[in-house]
Amino acid sequence: GAKILDLKTVQGDRHVGLKPPRDDIGSSWCEVKIAHPHINFGPRIPNLLTAAAGEGAFFSPGITVIKLIDIEFPEHFINKFPGPKYGTAGLRKLMNVHDRPFFFGVVKPNIGLEPRDFAKLAGDAWKGGLDIAKDDEMLSDVSWSPLAERTRLCAIEAKRAEDATGEKKAFLANITDEVEELIKLHDVAVKNGAGMVMVNVMAVGLSAVRMLRNHSFVPIVAHFDCIAPLSRLPFHGISSELLTKFQRIVGCDAIIMPGFGKRMKTTDEEVFSNVGSCRLKLGSLKESLAVPGGSDSAVTLPLMYEKLKTKDFGIIPGRGVFGHPMGAEAGAKSLRQAWDACCKGVSLDVYAKDHAELAAAIKEFGGV
């Protein structure tokens, strides 16, 4: 059976920076490390979570709040999971993106565009320098924008942009749906030219994504929907760090996560922990590409780079590209110009003097 390895009273919480709750009747806060014999559940996500976050822990007598912070896995156990098929290095090779971040973009308006209008906006952004244009997490296979038609038209625009720029372009199609539809929608998207597929992982379930990973031959990108209700409370639930780790374990090549800034309601420390889950050594599993997001634009790129201290990340603006006052092509250009400024060690304000697209982005998004 399970055994307690360590138990200690703690004075603060390393993940949320808050003091533990105490009241007049003498409640206490402790951190406990428990070992489970994995032979009891095997390399199966539902069974593992039943042991680690099920009735035994969350309904223990006398415990009012409890949070699962992390799980450490023996190497021989973790290697039984698929992990990313491509990972960061594979994505770089596939997209021919080297020595810089990946430039994603969420086509906006996020819902309501007919396929032809959607594809035109994606095409403009690709021509401006975007690597990957994507569906919003709210946009799925809907009657007014069928996945097959939207993907087909976007693939045509991606090819035009490739011919015009000499760079690889990809459409990231959202295939989030009922579990029994995932494989079919994957095949529809890929057949019609999607270079990658996106899944709202916690909405469809970790095991569903593991199933998709075993079928898919294109990269799988995770979106963070339904993670906040599980992780947001500081003293109850499951940490976003662990949920990010699980998304990597089941096979997500890139993981979109709440990023820096007040809008996403995550501390810098939580972002760093989630990014760390994409990179830490997990047996032979490949690293996932971390894509912190939330109200990003050319203006926020230098700070992201400074904080992450690596080029192995993706930036994923929506309005920052598609809400640019000069249009989506200029919005994408402003991203590339901001990166050029980073590489040259020049401030955005100085670089913007000779780059109109960046100047307009600073004026429009400078308060972001």
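Residues numbered from 1 in each chain as written. Predicted model: local features only at pLDDT ≥ 70, side-chain atom pairs only at ≥ 80, totals over all residues. Heavy atoms only, no water.

Participant: Can you tell me about the packing of aromatic side chains, naming the residues and giving the values?
Facilitator: For the structure on display, the rule yields 8 aromatic pairs. Judged by centre distance (6.4 Å) and plane angle (70°), the rings of phenylalanine 73 and phenylalanine 246 are edge-to-face. In this pair, phenylalanine 73 is assigned in the loop between β3 (67-68) and α3 (75-78) and phenylalanine 246 in helix α11 (residues 240-249), connecting sequence segments 173 residues apart. A relative accessible area of 16% means that phenylalanine 73 is categorised as buried. Through a chain of ring-to-ring contacts, the aromatic side chains of Phe41, Phe73, Phe77, Phe81 and Phe246 assemble into a single cluster. The ring of phenylalanine 118 carries arginine 150 above its face, with NZ or CZ at 5.9 Å from the centroid. (Phe/Tyr/Trp six-rings, centres within 6.5 Å; stacked < 30°, edge-to-face > 60°. Helix = DSSP H or I, 4+ residues; strand = E, 2+ residues; numbered from the N terminus. Buried < 20%, exposed > 50% of the residue type's maximum accessible area, 1.4 Å probe, protein only. Lys NZ or Arg CZ within 6 Å of the ring centre and 35° of its normal.)

Participant: With reference to specific residues and values, describe the pairing of strand β1 (residues 3-9).
Facilitator: Here β1 lies mainly on the outside; 0 of its 7 residues are buried. Across 6 bridges, the pairing between β1 and strand β2 (residues 30-35) is antiparallel. Note on β2: the bridge partner recorded for threonine 9 is cysteine 30. (Pairing = 2+ DSSP bridges.)

Participant: Provide a residue-level description of the nonpolar core, including the pertinent values.
Facilitator: Nonpolar side chains tend toward joint burial in soluble globular proteins. Among the nonpolar cores identified, the biggest contains 103 residues, and Trp126, Leu130 and Phe246 are the most heavily contacted of them. No other element matches the 7 residues that helix α15 (residues 328-344) contributes to this core. Setting aside its immediate chain neighbours within four residues, phenylalanine 246 contacts Ile45, Leu48, Leu49, Ile71, Phe73 and Leu206. (Core = buried A, V, L, I, M, F, W, Y, C linked by side-chain atoms within 4.5 Å. Contact = heavy atoms within 4.5 Å.)

Participant: Mind laying out helix α7 (residues 182-191), listing which residues take part and the relevant values?
Facilitator: Looking at α7, one finds that the buried residues are Leu182, Leu185, His186, Ala189 and Val190. Taken down its axis, α7 places every buried residue within 130° of arc, on the same side. On the buried face of α7, the contacting elements are α6 (147-165), β6 (170-174), β7 (196-200), α8 (201-204) and α9 (206-215). Looking at the residues trailing α7, positive phi occurs at glycine 193, about 110°. (Arc of directions from axis to C-beta.)

Participant: Residue-level account of the sheet that holds strand β12 (residues 314-315), with values.
Facilitator: Ordered by their spatial adjacency, 8 strands build an open sheet running β11-β10-β8-β7-β6-β5-β4-β12, and the pairing between neighbours is parallel. The sheet terminates laterally at β11 (289-293) and β12, the two strands that pair on one side only. Note: strand β4 (residues 102-106) against strand β5 (residues 132-134), 3 bridges, orientation parallel. Bridge assignment links valine 106 to a residue of β5, and that residue is lysine 134.

Participant: Could you give an account of helix α1 (residues 45-53), with specific residues and numbers?
Facilitator: Taken as a whole, α1 has its buried residues at Ile45, Leu48 and Ala52. Axial view of α1: buried residues confined to an arc of 65°, hence all on one face. On its buried face, α1 sits against α2 (55-58), β3, α3, α9 and α11.

Participant: Explain the packing of helix α13 (residues 301-308) against α15 to me, and be specific about the residues and the numbers.
Facilitator: Packed helix pairs are specified by the crossing angle of their axes together with the interaxial distance, meaning the distance between the axes. Remark: α13 packs on α15, axes separated minimally by 9 Å, with the N-to-C direction vectors making an angle of 45°. Compared by their axis directions, α13 and α15 come out oblique. As for how α13 packs across α15, the hand of that crossing is right-handed. From α13, Leu301, Pro302 and Tyr305 reach across to α15, where they touch Leu335, Ala338, Trp339 and Cys342. Residue classes in the contact of α13 with α15 are distributed as 7 nonpolar, no polar and no charged. (Axes fitted to C-alpha atoms, helices over the stretch in contact; angles between N-to-C directions. Parallel < 35°, antiparallel > 145°, perpendicular 65-115°, else oblique. Left-handed = near helix turned anticlockwise from the far one by under 90°. Nonpolar A, V, L, I, M, F, W, Y, C, P; charged D, E, K, R; others polar.)

Participant: With reference to specific residues and values, describe the environment of isoleucine 39.
Facilitator: Take isoleucine 39: it is sitting in the loop between β2 and α1. Once the C-alpha coordinates of isoleucine 39 and phenylalanine 77 are considered, the two residues, 38 residues apart in sequence, prove to be 9.7 Å apart.

Participant: Got a sec to walk through the layout of surface pockets? Specific residues and values, please.
Facilitator: Gaps left between atoms are located by rolling a probe of water-molecule size over the structure's atoms. As a volume, the second largest pocket reaches approximately 870 Å³. Around the second largest pocket, the lining comprises 48 residues; the ones closest to its centre are Phe224, Pro258, Met264, Gly293 and Gly294. Contributing elements (two or more residues each) for the lining of the second largest pocket: α10 (228-231), α11, β10 (254-258), α12 (268-279) and α14 (319-322). Considering only residue class, the lining of the second largest pocket consists of 17 nonpolar, 17 polar and 14 charged. (1 Å grid on protein atoms, 1.4 Å probe; cavity = no way out; pocket = protein on both sides within 12 Å on 5 of 7 lines; lining within 4 Å. Points joined across faces, edges and corners; volume = space filled by probe spheres on them.)

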